[in-house]
Amino acid sequence: MKKICFITLLLSLTAIISAQINNPVTWQFEQKKTGDNTYELTFKATIQSGWHLYSTNIDDGGPVKTSFTFEKPVGAEFIGEIKSNSKEIRKYDDMFEMEIGYYENEALFTQTIKTDKQLTIKGLIEYMSCNDENCTPPQETEFSFDLASASKAVVTPVKKDEVEKKNETSNRSLLGFFFYAIFMGLLAILTPCVFPMIPMTVSFFIKSDDNKAKARRNAIFYGLSIIGIYTLIGTLVAIIFGPGIANWLSTHWIPNLIFFAVFMIFAFSFFGMFEIVLPSKLVNKVDKNADKGGLLGAFFMALTLVLVSFSCTGPVVGAILVQSAGGAVLKPIIGMLGFSLAFALPFGLLALFPQWLNNLPKSGGWLNSVKVVLGFIELALGLKFLSIADQTYHWGLLDREIYLAIWIVLSALLGLYLLGKLKFAHDSDVKYVSVPRLLLSIAAFSFMVYLIPGMFGAPLKAISGYLPPMETHDFDIHKIIREEVQLQPNNTSTTAIQTTSELCSEPKYEDFLELPHGLKGYFDYTQGLQCAKEQHKPIFLDFTGHGCVNCREMEANVWSDPRVMQRLKNDYVIIALYVDDKTKLPEEDWVVSSYDGKTKKTLGQINADFQITNYQVNAQPYYVLLDHNGQQLTEPKTRDLNPDNFVDFLDKGLENFNKQ
């Protein structure tokens, strides 16, 4: 049931992402021969009603102007600059405090070229479009003119069917989008970063004031605080800082270590080491002004929940933040409102009726046992935050086998506790083992036994999303066997053939990055593209992350399928772009984003900006199949744990590539 819920969540996320992306400008290209060795290239932009495309002549400090970049081959002479053949509207813009030109409905541009060779002229158009309410992010469209076929006019639509499809889905009613967001908010509660927060909520409101009226008021305020934080602060942060803030919260070492510390503190509190109480000064103020103290505590509980949940709710919230940063204000507010409303509902109800657990024994009984069990769970799940920071910064503190060893020990200790063999300060003596405790102890020990093979390299597919990647495992018996088979002379076994992948050059960043299952590929787009051209293969572009739970699940459950492995190794050049890697690059590799104008200095920032700029998506995993011109071969794919669907995805991309 949990897997079904997660799959439904990701499918809903995919639908919403596609519904949010709007491209009101479509391009067509025409080429014709106008004289001896002279050609005219025409660029036609069709603009949706109500939208406008900025002109090619805008001073610095204004919006992104329409610009054309050509790859000028040897033997081609460009006569003059590119010209606009459409009427340009010019008006003074109060926001930019300058006169700005733009086009409506249609815009035509021409470039004259002289050459005596049959060349292919390629390049890139960068442009931005706006209406009266919002703007699209800066977008890019590639073009290609084959002068050998220029004896007659050739009109080439650029992904027109895909653009029309996206425009159609973007007109989905705001009410429908609101219900989508509600649905995702309910399912988000099942994520591993959110579910452990439930006992924290129970613990806080159990210890709150005995006055039922005040407790209910605080609980209602708690739920409203969650909604307010997500809707107001989330949208404001998106407008000010852009979509990168979601990635920062889920991958930067500071918030992750804070989240790790929060989980550890609550776990130790559940074990009875101490009680979490407000500072004495604040308690005195609460005594004088109970209203202020109670509401303040409820607000900070809500803020803690929102911050900790970012690591798992980041993909859906990030999709909304991308739209908000791009200029659309109303839709992100509605989306965040729907998501937070559903997200806050169970927590608000649980906070409103804490007596459901308050009626149980408070110490030395079943309630304390529940808290201890939850403490073990908090310890286990809290490691995920430390692992994310460790992976993104390459500290090497928490490799896979160390992570598993801790989980194995925690499972064993939990089993012993449930059997009454381990006792904490506030526990009562266990005179006999009840049936529920016995069943739970069996589950704990069974889980421990399940984890043990992982110490020797077993994939542990059921929990692969929560573990560090296999590449961090020092002793992988499966990898050792593969390497020994490869080293055997005259080895023609299937295993040896499948584990061999030819690369054109030594991949950049391979000293700290590695692909799963022994796959070979690149971690730099330009380098991978060059190899794809040399090998005449399409590109498998993988937007991934060290802290991406769904990425690890896809790699363990789908990539490991022999059919998928065979296609990835033989038919594609793999390019894995880590969007959360914190490695700082040399200054000559820094990139100034065309999306937000900021300088990207780390490998992850550059890759994340590449994804947002080109695909208007910042969720991972995100798989794109490309040709050598960077054009998509089929619709991109997100998390889908059905290997058959992924095989079809790869086959369709290869088929379309071969048709070219």
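Residues numbered from 1 in each chain as written. Predicted model: local features only at pLDDT ≥ 70, side-chain atom pairs only at ≥ 80, totals over all residues. Heavy atoms only, no water.

Engineer: Could you give an account of the overall build of the protein, naming the residues involved and the relevant values?
Structural biologist: From N to C terminus, the protein includes 21 helices and 17 strands. With 660 residues in all, the protein has 51% of them scored as buried. The contacts in the protein between residues at least 6 apart in sequence include a share of 72% that link residues at least 24 apart. By element, 58% of the accessible surface of the protein is carried by carbon and sulfur atoms, the whole surface being about 31,000 Å². (Helix = DSSP H or I, 4+ residues; strand = E, 2+ residues; numbered from the N terminus. Buried < 20%, exposed > 50% of the residue type's maximum accessible area, 1.4 Å probe, protein only. Contact = heavy atoms within 4.5 Å. Areas by Shrake-Rupley, 256 points an atom, 1.4 Å probe, with all protein chains shown as cover.)

Engineer: Break down the sheet that holds strand β10 (residues 129–130) for me, citing the residues and quoting the values.
Structural biologist: Judged by pairing direction, the sheet is antiparallel, and its 4 strands sit side by side in the order β6-β7-β3-β10 without closing on themselves. Bordering the open sheet on either side are β6 (89–93) and β10, each of which pairs with just one other strand. Relative to strand β7 (residues 98–104), strand β3 (residues 52–54) runs antiparallel, the two sharing 3 bridges. Residue pairing for β7: Tyr54 is matched across the bridge by Tyr102. (Pairing = 2+ DSSP bridges.)

Engineer: An account of a nonpolar patch on the surface is needed here, citing residue identities and associated values.
Structural biologist: Side chains of Val430, Val433, Val435, Leu438, Leu439 and Ile442 sit close together on the surface and give an oily, nonpolar patch of about 500 Å² of accessible area. Note on placement: Ile442 falls in helix α14 (residues 435–451). Judged by its relative accessible area of 43%, Ile442 falls in the partly exposed class. (Patch = residues over 30% accessible without salt bridge, like charges linked within 9 Å, V, L, I, M, F, W, Y side chains within 5 Å. Salt bridge = Lys/Arg side-chain N within 4 Å of Asp/Glu carboxyl O.)

Engineer: Requested: an account of the packing of aromatic side chains, with residues and values cited.
Structural biologist: Summed over the entire model, instances satisfying the criterion amount to 41 aromatic pairs. Note on Phe646 and Phe649: the rings are 5.5 Å apart at their centroids and 55 degrees apart in plane angle, and the pair reads as tilted. With Phe646 and Phe649 both in helix α21 (residues 643–659) and 3 residues apart, this pair spans about one turn of that helix. Using a relative accessible area of 7% as the deciding quantity, one classes Phe649 as buried. Site record: aromatic cluster; members linked through ring pairs are Trp27, Phe29, Phe43, Phe68, Phe70, Phe78, Tyr103, Phe109, Tyr127, Phe143 and Phe145. (Phe/Tyr/Trp six-rings, centres within 6.5 Å; stacked < 30°, edge-to-face > 60°.)

Engineer: Can you explain the nonpolar core? Please cite residues and give values.
Structural biologist: In terms of nonpolar packing, the biggest core is built from 32 residues, with Phe376, Trp407, Leu451, Leu460, Ile463 and Leu467 touching the most fellow members. The element that contributes the greatest number of residues to this core is helix α13 (residues 400–418), accounting for 9 residues. Once residues lying within four places of it in the same chain are set aside, the contact partners of Trp407 are Ala380, Leu383, Phe447, Leu451, Ile463, Tyr466 and Leu467. Among the nonpolar cores identified, the runner-up in size contains 29 residues, and Leu515, Leu568, Tyr578 and Leu603 belong to it. (Core = buried A, V, L, I, M, F, W, Y, C linked by side-chain atoms within 4.5 Å.)

Engineer: Describe the state of the cysteines, with residues and values.
Structural biologist: In the structure shown here, the tally under the stated rule is 1 disulfide. The disulfide bridge from Cys504 ends at Cys531, spanning 2.2 Å between sulfur atoms. Across the S-S bond of Cys504 and Cys531 the torsion is about 70 degrees, and the bridge reads as right-handed. In this pair, Cys504 sits in the loop between α16 (494–498) and α17 (525–535) while Cys531 sits in helix α17, placing the two residues 27 residues apart along the sequence. A residue is classified by how much of its surface remains accessible, and Cys504, at 31% relative accessible area, is partly exposed. (Disulfide = S-S within 2.5 Å.)

Engineer: Please give an account of the packing of α13 against α14 that cites residues and values.
Structural biologist: Two elements in contact, α13 and α14, have axes whose closest approach is 8 Å; the angle formed by their N-to-C orientations is 160 degrees. As far as their axial angle goes, α14 and α13 are roughly antiparallel. The two elements α13 and α14 cross, and the hand of that crossing is left-handed. Between α13 and α14, the residues in contact are Leu404, Trp407, Ile408, Ser411, Ala412, Leu414, Gly415, Leu416, Tyr417 and Leu418 and Arg437, Leu440, Ser441, Ala444, Phe445, Phe447, Met448 and Leu451, respectively. Here the contact of α13 with α14 is built from residues that sort into 14 nonpolar, 3 polar and 1 charged. (Axes fitted to C-alpha atoms, helices over the stretch in contact; angles between N-to-C directions. Parallel < 35°, antiparallel > 145°, perpendicular 65-115°, else oblique. Left-handed = near helix turned anticlockwise from the far one by under 90°. Nonpolar A, V, L, I, M, F, W, Y, C, P; charged D, E, K, R; others polar.)

Engineer: Tell me about the environment of Leu413, residues and numbers included.
Structural biologist: Within the secondary structure, Leu413 is located in helix α13. On the basis of relative accessible area, Leu413 is assigned to the partly exposed category, the value being 31%. With 28 residues separating them along the chain, Leu413 and Ser441 place their C-alpha atoms 9.7 Å apart. Not counting residues within four places of it along the chain, the set of residues in contact with Leu413 comprises Phe376 and Leu422.

Engineer: Could you give me a rundown of the pattern of salt bridges, with the residues and numbers involved?
Structural biologist: According to the stated counting rule, one finds 12 salt bridges in the structure shown. Note that Lys44 and Glu106 form a salt bridge whose closest N and O atoms lie 3.6 Å from each other. With a gap of 62 residues between them, Lys44 in strand β2 (residues 38–47) and Glu106 in strand β8 (residues 106–114) connect regions that are remote in the sequence. Given the relative accessible area of 28%, Lys44 is considered partly exposed. Put simply, Glu88 and Arg90 hold a salt bridge, and the shortest N to O gap is 2.3 Å. Judged by relative accessible area, which is 36%, Arg90 ranks as partly exposed. One continuous salt-bridge network, built from bridges that share partners, spans Glu88, Arg90 and Glu99.

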